[in-house]
Amino acid sequence: MGSTRGETTGELRWEITQGKPATALLTDPGGVAEACEQLAALLPSLREALTEHGALYLRGLPLTDVEDFAKIRDVIIPRHTPYREKATPRSDFGNGVFSSTDLPPSQSIRMHNENSYTLTFPGLLMFACLTAPAEGGATPVADCRKVLRNIPPRLTEKMRATGWLLRRSYSEYISTDWRTAFAATGRDDVERYCADNLIDHEWRDDGNLRTSQLRPGIIRHPRTGDEVWFNHLAFWNEWSLDEELRETLVDEFGQDGLPFNTGFGDGEPLSRDDLETVQAAYESATVRERWRPGDLLIVDNILTAHGRDPFRGDRRIVVAMGEPVDLLDCAPTVQPAARPA
């Protein structure tokens, strides 16, 4: 077991244990209304701790349903952010509250910063546990300041100079269809969105859509100035797919028909070895805590990446996004564009 130390910010006492996120117990919160009042008074302390640690666990909250979560969310994240360019299945519970993901329990989700490929993204995420799984199912988090330091200079210099390129193929058979991804009813909706958001698009003969977008992979936090590794380069790379599935998709749809793929901004692909190197950097910076009912996890989406461990049993984790951030306010090392220069 790792060493543990205590740390106090304002009225909160944080337990800092090796391998786990900073955790505090909210004592005697009473009902949801009383907990909201207590959290409102603690907001300066929460912000201070979040700046240092990037992610915070709060325990002891009277959280039992989506409505409770939404009330607490409105205290901590009053400015909401819509879920843009959808990529994974989620249940929408209304009022800006979603399931964390509806992907199969056996599937792990690699570390990523939410919506790192959009021009405006959530600055804060908030997760809560309504039902804890019997086994596994943690939401691991990784400090992206540490991730950046752990990646070899040859890759960080490449990213700093060229950014990263995301290519997606939308299909109702192998990935998210374009109507769902863009919340669109017709092609005109998609074309307007792509024009406004620096996304290159191509309609295929079968009616499906392919897109590409160039984004910076290293940015600075607009408030703290911390430089971070901020992208989906490893998450959506072809080498992140199960090998048998990847070969099947390439045989069936061709290299350009993969549901997603990434590379550096100058078109250079990411090698399998490079993917493993980036993954190792995430793993060395990752901490996790097992969910308990009523737990709340607050994540600074720029300072911290998150993922999901496989699990067994019923698991109900809800999420909300807010405090929108403009990419151009983050000192990007590469300007976003629809395609490489």
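Above: the structure in question.
As a starting point, this report considers the structure included with it. (Residues numbered from 1 in each chain as written. Predicted model: local features only at pLDDT ≥ 70, side-chain atom pairs only at ≥ 80, totals over all residues. Heavy atoms only, no water.)

Considering the nonpolar core
Counting 42 residues, the largest nonpolar core has Phe121, Val147, Ile219, Trp229, Tyr282 and Ile302 as the members making the most contacts within it. Secondary-structure elements contributing two or more residues to this core are strand S7 (109-112), helix H3 (144-150), helix H4 (153-162), strand S11 (164-170), strand S14 (218-220), strand S15 (227-229), strand S16 (260-264) and helix H8 (272-285). The leading source of residues in this core is H8, at five residues. In this structure, Trp229 is in contact with Asn113, Cys144, Val147, Leu148, Ile151, Thr156, Met159, Gly217, Ile218, Val278 and Tyr282, ignoring residues within four places of it in sequence. Formed by 34 residues, the second largest nonpolar core is a distinct cluster that contains Leu12, Ile16, Leu26 and Val75. (Core = buried A, V, L, I, M, F, W, Y, C linked by side-chain atoms within 4.5 Å. Buried < 20%, exposed > 50% of the residue type's maximum accessible area, 1.4 Å probe, protein only. Helix = DSSP H or I, 4+ residues; strand = E, 2+ residues; numbered from the N terminus. Contact = heavy atoms within 4.5 Å.)

Notes on the side chain of Arg308
Here Arg308 shows up in strand S19 (residues 304-308). Asp102 provides the closest opposite charge to the buried, salt-bridge-free Arg308, at an N-O distance of 7.4 Å. From its side chain, Arg308 meets the backbone oxygen of Leu103 in a polar contact 3.3 Å long. At a separation of 2.7 Å, a polar atom in the side chain of Arg308 contacts the main-chain carbonyl oxygen of Pro104. Not counting residues within four places of it along the chain, the set of residues in contact with Arg308 comprises Thr101, Leu103, Pro104, Pro105, Gln107, Ser108, Ile109, Ala138, Pro140 and Arg315. (Lys, Arg positive; Asp, Glu negative; His and termini not counted. Salt bridge = Lys/Arg side-chain N within 4 Å of Asp/Glu carboxyl O. Polar contact = N/O pair within 3.5 Å; in protein donor to acceptor, adjacent residues only side chain to side chain.)

So, the sheet that holds strand S10 (residues 141-143)
Pairing is antiparallel across the open sheet formed by four strands, whose spatial order is S7-S19-S10-S17. Strands with a single pairing partner mark the edges of an open sheet, and in this sheet they are S7 and strand S17 (286-287). By the bridge criterion, three bridges tie S10 to S19 in an arrangement that is antiparallel. Bridged to Asp143 within S19 is Thr304. (Pairing = 2+ DSSP bridges.)

Thoughts on the packing of helix H1 (residues 32-53) against helix H2 (residues 66-76)
It is the contact of H1 with H2, at a shortest axis distance of 9 Å, that shows an interaxial angle of 35°. As for the relative orientation of H1 and H2, their crossing is right-handed in sense. Contacts between H1 and H2 pair Val32, Cys36, Leu39, Ala40, Leu43 and Arg47 from the former with Asp68, Lys71, Ile72, Val75 and Ile76 from the latter. Residue composition of the contact of H1 with H2, grouped by class: eight nonpolar, no polar and three charged. (Axes fitted to C-alpha atoms, helices over the stretch in contact; angles between N-to-C directions. Left-handed = near helix turned anticlockwise from the far one by under 90°. Nonpolar A, V, L, I, M, F, W, Y, C, P; charged D, E, K, R; others polar.)

Quick notes on the sheet that holds S16
In space, the four strands of this open sheet follow the order S12-S13-S11-S16, with antiparallel pairing throughout. Only two strands of the sheet have a single partner each, and these edge strands are strand S12 (200-203) and S16. Averaged over all pairs of adjacent strands, the angle between strand axes in this sheet comes to 15°, irrespective of strand direction. Relative to S16, S11 runs antiparallel, the two being bridged by five bridges. Each residue of the ladder has a partner; that of Arg168, found in S16, is Phe260. In the packing of H4 onto the sheet, contacts are made with S11, strand S13 (209-215) and S16, and the angle to S16 comes to roughly 95°. Against the sheet, helix H6 (residues 187-196) makes contact with S12 and S13, and its axis sits at roughly 155° relative to S12, the strand it touches most.

Here's the deal with the pattern of salt bridges
Under the definition given, this model contains 20 salt bridges. A salt bridge links Arg145 to Asp143; the nearest nitrogen and oxygen atoms lie 3.0 Å apart. The buried category is assigned to Asp143, whose relative accessible area is 10%. A cluster of three or more residues bridged by salt bridges with shared partners is formed by Lys20, Arg59, Glu289 and Asp295.

Focus on empty space enclosed by the protein
Over the atoms, a rolled probe matching the size of one water molecule traces out where space is still vacant. For the coordinates displayed, the defined rule picks out two cavities of 30 Å³ or more. By volume, the largest cavity amounts to about 240 Å³. What lines the largest cavity is a set of 24 residues, among which Arg90, Ser100, His112, Glu114 and His306 lie closest to the centre. Elements with a minimum of two residues in the lining of the largest cavity: S7, strand S8 (120-131), S19 and strand S21 (316-326). A total of three residues in the lining of the largest cavity trace back to one element, the largest contributor, which is S19. Considered class by class, the residues forming the lining of the largest cavity number 11 nonpolar, nine polar and four charged. The volume enclosed by the second largest cavity comes to roughly 50 Å³. Element by element, the count of residues in the lining of the second largest cavity is highest for H1, at four residues. (1 Å grid on protein atoms, 1.4 Å probe; cavity = no way out; pocket = protein on both sides within 12 Å on 5 of 7 lines; lining within 4 Å. Points joined across faces, edges and corners; volume = space filled by probe spheres on them.)

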